[in-house]
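Residue strings, one per chain:
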Amino acid sequence: MKKKVAAILAAAAVFVSAMPLSAAAADTTAPYVESDTTMNFLVEQGKTYTFKMTVHGTHANPNIVMGNGAAFQTREVRKVTENGNDVYYFKVLATGEEGQAAGIYTTLPGQPSVKHAVAAIPYVAKARYGADYTTYKVGEEIAPGEYVLFPMKLDSDLEDDYYGYYVLYNSDGSLQNNDMLDGKNARLYVTLKEGQTLQLEDIRMVAIQNAVRALPDENGNYDPQSSDYGTMYKCGYDLKPGTYTVVYDARPEAMEPYNTTYAAIYNTSDYAKFDDPVSSIELSSGSQQITIEDGQYLVLTRGSLIPNSPV
């Protein structure tokens, strides 16, 4: 297995001289740094990302740092003034190995460090014409654990042309799981065990602790854009426990089974056990409620999910 690189808080740091805190700022509220990035996100190997850090309540210079200098290296720090505030544009380059991650931290003089987000370098398996899958041996080339899979944008002019495919084999060579990911918002959870073999095509994959959570739309609903292959949500990570309404996605022109909405809840992300759901819904019209508990997985196919009474 590729060696894990320990997080080095001092690496990739930007140290700037501190200026005295103004009396006005000290008398009102504690100074703080606002980041334009506050959620986990992915940066592919060799690509850059720029954070915007706005300092409020002081003109003291912050210390800005990536927590793992082996994963991300500083490429540029630019300071400007916007609306009377000091603003730092902090550009980093993903130089580490696939699977590595780093937190972004800021520290103002006299204050503890604040962690704003985690940047992760995903495993990327981009298919090429005539090429085989990208293959990983679990325990050798990739660590065991739970991962989240996302489809990649294909080389086409269609805005929502996102597809991906994965195959998982047991240590004895027998097939464990295989499935297609369809649509820009599609996602699947997979738990990898020692000795298994994973094959990916047009997939970006990241360990769950560094993954991007599924987000609702502007109306607070979850809509995987009518994926024909199902989108998986994990309760306690993407969804809060509670009751949700599954809404039928009307596609009258579609043939069976592509004109039906499915929703099913499982206690595991293991597809080998998906013939035994905790509960399931099949709709050809209207809507129906479904309740999900912490740790369970919900697979939604050709439908929308509306929070009803999450707790």
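Above this text you will find the structure in question.
Residues numbered from 1 in each chain as written. Predicted model: local features only at pLDDT ≥ 70, side-chain atom pairs only at ≥ 80, totals over all residues. Heavy atoms only, no water.

Asker: Break down the overall build of the protein for me, citing the residues and quoting the values.
Answerer: Of the regular secondary structure elements, the protein holds 1 helix and 23 strands. A total of 311 residues make up the protein; the buried ones form 47% of that total. Across the protein, contacts joining residues at least 24 apart in sequence account for 72% of those joining residues at least 6 apart. Carbon together with sulfur atoms contributes 49% to the accessible area of the protein, which is approximately 15400 Å² in total. (Helix = DSSP H or I, 4+ residues; strand = E, 2+ residues; numbered from the N terminus. Buried < 20%, exposed > 50% of the residue type's maximum accessible area, 1.4 Å probe, protein only. Contact = heavy atoms within 4.5 Å. Areas by Shrake-Rupley, 256 points an atom, 1.4 Å probe, with all protein chains shown as cover.)

Asker: Give a description of the side chain of aspartate 202 that names residues and reports values.
Answerer: You can see aspartate 202 is positioned in the loop between β15 (197–201) and β16 (203–207). Accessibility expressed as a relative area gives 10% for aspartate 202, which makes it buried. Here aspartate 202 is in contact with Ala125, Lys126, Ala127, Phe150, Pro151, Met152, Leu154, Tyr163 and Gly164, once residues within four sequence places are set aside.

Asker: Help me get a handle on the nonpolar core, residues and values and all.
Answerer: By size, the foremost hydrophobic cluster in this structure holds 36 residues, and its most contacted members are Tyr147, Leu149, Tyr166, Leu200 and Met205. With near-sequence residues (within four places) excluded, methionine 205 lies in contact with Pro122, Tyr123, Ile142, Tyr147, Val148, Leu149, Leu198 and Leu200. Within the second largest apolar cluster, 20 residues are counted, among which are Tyr88, Phe90, Ile104 and Ile121. (Core = buried A, V, L, I, M, F, W, Y, C linked by side-chain atoms within 4.5 Å.)

Asker: Tell me about the pattern of salt bridges, and name the residues and values.
Answerer: Scanning the entire structure with this criterion turns up 6 salt bridges. Of the charged contacts, one joins arginine 204 and glutamate 44 as a salt bridge, the two residues approaching to 3.5 Å between their closest N and O atoms. Of this pair, arginine 204 sits in strand β16 while glutamate 44 sits in the loop between β2 (41–42) and β3 (48–56), and the two are 160 residues apart along the sequence. Its salt-bridge partner being lysine 52, residue glutamate 82 comes within 3.2 Å of it at the nearest N-O pair. Of the two residues, glutamate 82 is situated in strand β5 (residues 72–82) and lysine 52 in strand β3; the sequence distance between them amounts to 30 residues. The partly exposed category is assigned to glutamate 82, whose relative accessible area is 27%. Salt bridges here are not isolated pairs; linked through shared partners, they connect Glu44, Lys47 and Arg204. (Salt bridge = Lys/Arg side-chain N within 4 Å of Asp/Glu carboxyl O.)

Asker: With reference to specific residues and values, describe the sheet that holds β5.
Answerer: Two orientations exist for strands paired in a sheet by backbone hydrogen bonds: parallel and antiparallel. Read from one edge of the open sheet, 4 strands run β1-β3-β6-β5, paired in antiparallel fashion. Either end of the sheet is taken by a strand with one partner, and the two such strands are β1 (32–35) and β5. The mean angle between the axes of side-by-side strands here comes to 25°, regardless of whether they run parallel or antiparallel. (Pairing = 2+ DSSP bridges. Axes fitted to C-alpha atoms, helices over the stretch in contact; angles between N-to-C directions.)

Asker: Can you break down the sheet that holds strand β21 (residues 287–292) residue by residue, with the values?
Answerer: Pairing in this open sheet of 3 strands is antiparallel, and the strands run β21-β18-β23 from one edge to the other. In this open sheet, the two strands that pair with only one neighbour each are β21 and β23 (303–307). The average angle at which neighbouring strand axes cross in this sheet is 30°, direction not considered. Where strand β18 (residues 242–248) and β23 come together, 5 bridges link them in antiparallel fashion. When the sheet's bridge partners are listed, tyrosine 248 is paired in β23 with glycine 303.

Asker: So what about the environment of serine 287? Which residues, and what values?
Answerer: Note that serine 287 resides in strand β21. In contact with serine 287, other than residues within four places in its own chain, are Thr245, Val246 and Val247.

Asker: A description of unusual backbone geometry should follow, citing residues and the corresponding values.
Answerer: Residues other than glycine seldom take positive phi values, yet aspartate 202 does so here, at roughly 55°. Positive phi values are uncommon outside glycine, yet arginine 302 reaches one of about 55°. Mapped onto the elements, arginine 302 comes out in the loop between β22 (297–301) and β23. Overall, the relative accessible area of 4% leaves arginine 302 in the buried class.

Asker: Residues and numbers for the packing of aromatic side chains, please.
Answerer: Counted by the stated rule, this structure contains 9 aromatic pairs. Taking 6.4 Å as the distance between ring centres and 40° as the angle between the ring planes, the aromatic pair formed by phenylalanine 51 and phenylalanine 90 counts as tilted. With phenylalanine 51 in strand β3 and phenylalanine 90 in strand β6 (residues 85–94), the pair connects residues that are 39 residues apart, well separated along the chain. Phenylalanine 90 carries the same exposure label as phenylalanine 51, and that label is buried. Ring geometry for tyrosine 123 against tyrosine 147: centres 6.3 Å apart, planes inclined by 75°, an arrangement best described as edge-to-face. Of this pair, tyrosine 123 sits in strand β9 (residues 123–125) while tyrosine 147 sits in strand β11 (residues 145–153); the two residues are 24 residues apart in sequence, bridging distant segments of the chain. (Phe/Tyr/Trp six-rings, centres within 6.5 Å; stacked < 30°, edge-to-face > 60°.)

Asker: Lay out the pairing of β5 in plain terms, naming residues and giving numbers.
Answerer: Where β5 meets β6, 10 bridges bridge the pair, whose relative direction is antiparallel. Residue pairing across strands places threonine 74 opposite valine 92, the latter belonging to β6. From the end of β5 to the start of β6, which pair antiparallel, there are 2 residues, and asparagine 83 there has a positive phi angle of about 55°.

Asker: Outline the side chain of threonine 197, supporting the account with residue identities and numerical values.
Answerer: Position of threonine 197 relative to the elements: it lies in strand β15. Sequence-distant contacts of threonine 197, defined by excluding residues within four places in its chain, comprise Thr135, Tyr136, Lys137, Val167, Leu168 and Tyr169.

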